[in-house]
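Residue-level structure breakdown
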Amino acid sequence: MRYDTRLLIAVLAVSLATPLGAQTTGMPSFNAPYRAFQRSEFGAVVSFPDGSGTAFEGAYRYAHGRFDIGLRAGMFVPGGGANTSLLLGGEARERVITHTADFPLDGALVAGIGTAIVSGNSALFIPVGISLGRRVDPHGSSISIVPYVQPTAILISDGGTNLDFTLGLGADFRLSRVFDARFSAGIGDLDGVSLGAVWVH
């Protein structure tokens, strides 16, 4: 636990002190620290990155032992006559921190690879981050909420190579046994929000 705490402090310090970047497919969409499903989930995500354009993605995630693996595909329509990008990505998540009396949050490592493909300006994204949060069950309500933060380092290759950092903020809302609504946002160079609707099994 002492090692996990040092890792957490280092990641947070770097992410808060550095300009912010993008996520698996270049969209401000992030992950809670644990999966909401037993076997799999599928859904749709709409993103509005940096206040310009709209992305539409389908997402599928399944359990694989201690990991869960997510796949997503869609398109980004930037507007203003610019070309539409094809978005493809995948990521894995593994729980690495369980809350204790000394540290109140759960945590998971999240890593992935994705691309935004468009003529003359394609980009490759390789993010690695840690998601930290805790499920909240309001008294007398069937709805539960998982607020979280996800500081992430991203290697970006788009003709050159850059290492950027982003801080994702989000909340997953369990509205029923089979349905989640999700919200996340990036802050900094990639200002934007993502909204998701997910069916869990």
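Please read these numbers as outputs of a predicted model, since none were measured by experiment.

Remarks on the overall build of the protein chain
Check the secondary structure of the protein chain and you find one helix and 10 strands. In the protein chain, the succession of α and β elements from N to C terminus is α-β-β-β-β-β-β-β-β-β-β. The proportion of buried residues among the 201 residues of the protein chain is 44%. With an accessible surface of roughly 10000 Å², the protein chain has 63% of that area assigned to carbon and sulfur atoms.

Quick look at the pairing of strand β5 (residues 106-117)
Where strand β4 (residues 85-97) meets β5, 11 bridges bridge the pair, whose relative direction is antiparallel. If you follow R95 over to β5, its bridge partner there is A108. Bridging between β5 and strand β6 (residues 123-133) involves nine bridges; their strand directions are antiparallel. For A111, the partnering residue across the bridge sits in β6 and is V128. The antiparallel hairpin formed by β5 and β6 contains five residues in its connecting segment, where G120 sits at a positive phi of about 80°.

Quick word on the pairing of β4
Across 10 bridges, strand β3 (residues 67-77) lies against β4 in antiparallel orientation. Residue pairing for β4: F67 is matched across the bridge by E94.

Notes on the pattern of salt bridges
Counted according to the given criterion, the structure contains 11 salt bridges. Note that R182 is salt-bridged to D172, the shortest N-O span being 3.5 Å. A residue pair is termed long-range when its members are at least 10 positions apart, and R182 in strand β9 (residues 179-187) and D172 in strand β8 (residues 161-174) qualify at 10 residues. Note on D172: relative accessible area 8%, which makes it buried. Salt bridges linked by common partners bring E41, R61, D68, E91, R93, D172, R174, D180 and R182 together as one network.

Focus on the environment of A197
Note that A197 resides in strand β10 (residues 192-200). In this structure A197 comes out as partly exposed when scored by relative accessible area, which is 24%. Residues A197 and F183, 14 residues apart in the sequence, show an inter-C-alpha distance of 9.2 Å. Once residues lying within four places of it in the same chain are set aside, the contact partners of A197 are F42, G43, A44, F179 and D180.

Points about the confidence of the model for the protein chain
When pLDDT is low, close inspection of the predicted coordinates is not appropriate. Model confidence for the protein chain is summarised by a mean pLDDT of 87, while 88% of its residues fall at 70 or above. Segment residues 1-22 is flagged for pLDDT under 50; beyond a separation of four residues in sequence, or across chains, it makes 34 contacts in the model.

As for the nonpolar core
Ranked by size, the top nonpolar core spans nine residues in total: M27, A55, F76, L87, A116, A123, F125, I154 and I156. Mapped by element, the contributors of at least two residues to this core are β6 and β7 (144-157). In terms of nonpolar packing, the next biggest core, distinct from the first, is built from five residues, F30, A32, V146 and Y148 among them.

Considerations on the sheet that holds β7
In space, the 10 strands of this closed barrel follow the order β1-β2-β3-β4-β5-β6-β7-β8-β9-β10, with antiparallel pairing throughout. The average undirected angle you get between the axes of adjacent strands in this sheet is 20°. Where β6 lies against β7, eight bridges are found, and the strand directions are antiparallel. Bridge pairing in β7 places I126 opposite L155.

Rules used throughout
Residues numbered from 1 in each chain as written. Predicted model: local features only at pLDDT ≥ 70, side-chain atom pairs only at ≥ 80, totals over all residues. Heavy atoms only, no water. Helix = DSSP H or I, 4+ residues; strand = E, 2+ residues; numbered from the N terminus. Buried < 20%, exposed > 50% of the residue type's maximum accessible area, 1.4 Å probe, protein only. Areas by Shrake-Rupley, 256 points an atom, 1.4 Å probe, with all protein chains shown as cover. Pairing = 2+ DSSP bridges. Salt bridge = Lys/Arg side-chain N within 4 Å of Asp/Glu carboxyl O. Contact = heavy atoms within 4.5 Å. pLDDT = per-residue confidence, 0-100. Core = buried A, V, L, I, M, F, W, Y, C linked by side-chain atoms within 4.5 Å. Axes fitted to C-alpha atoms, helices over the stretch in contact; angles between N-to-C directions.

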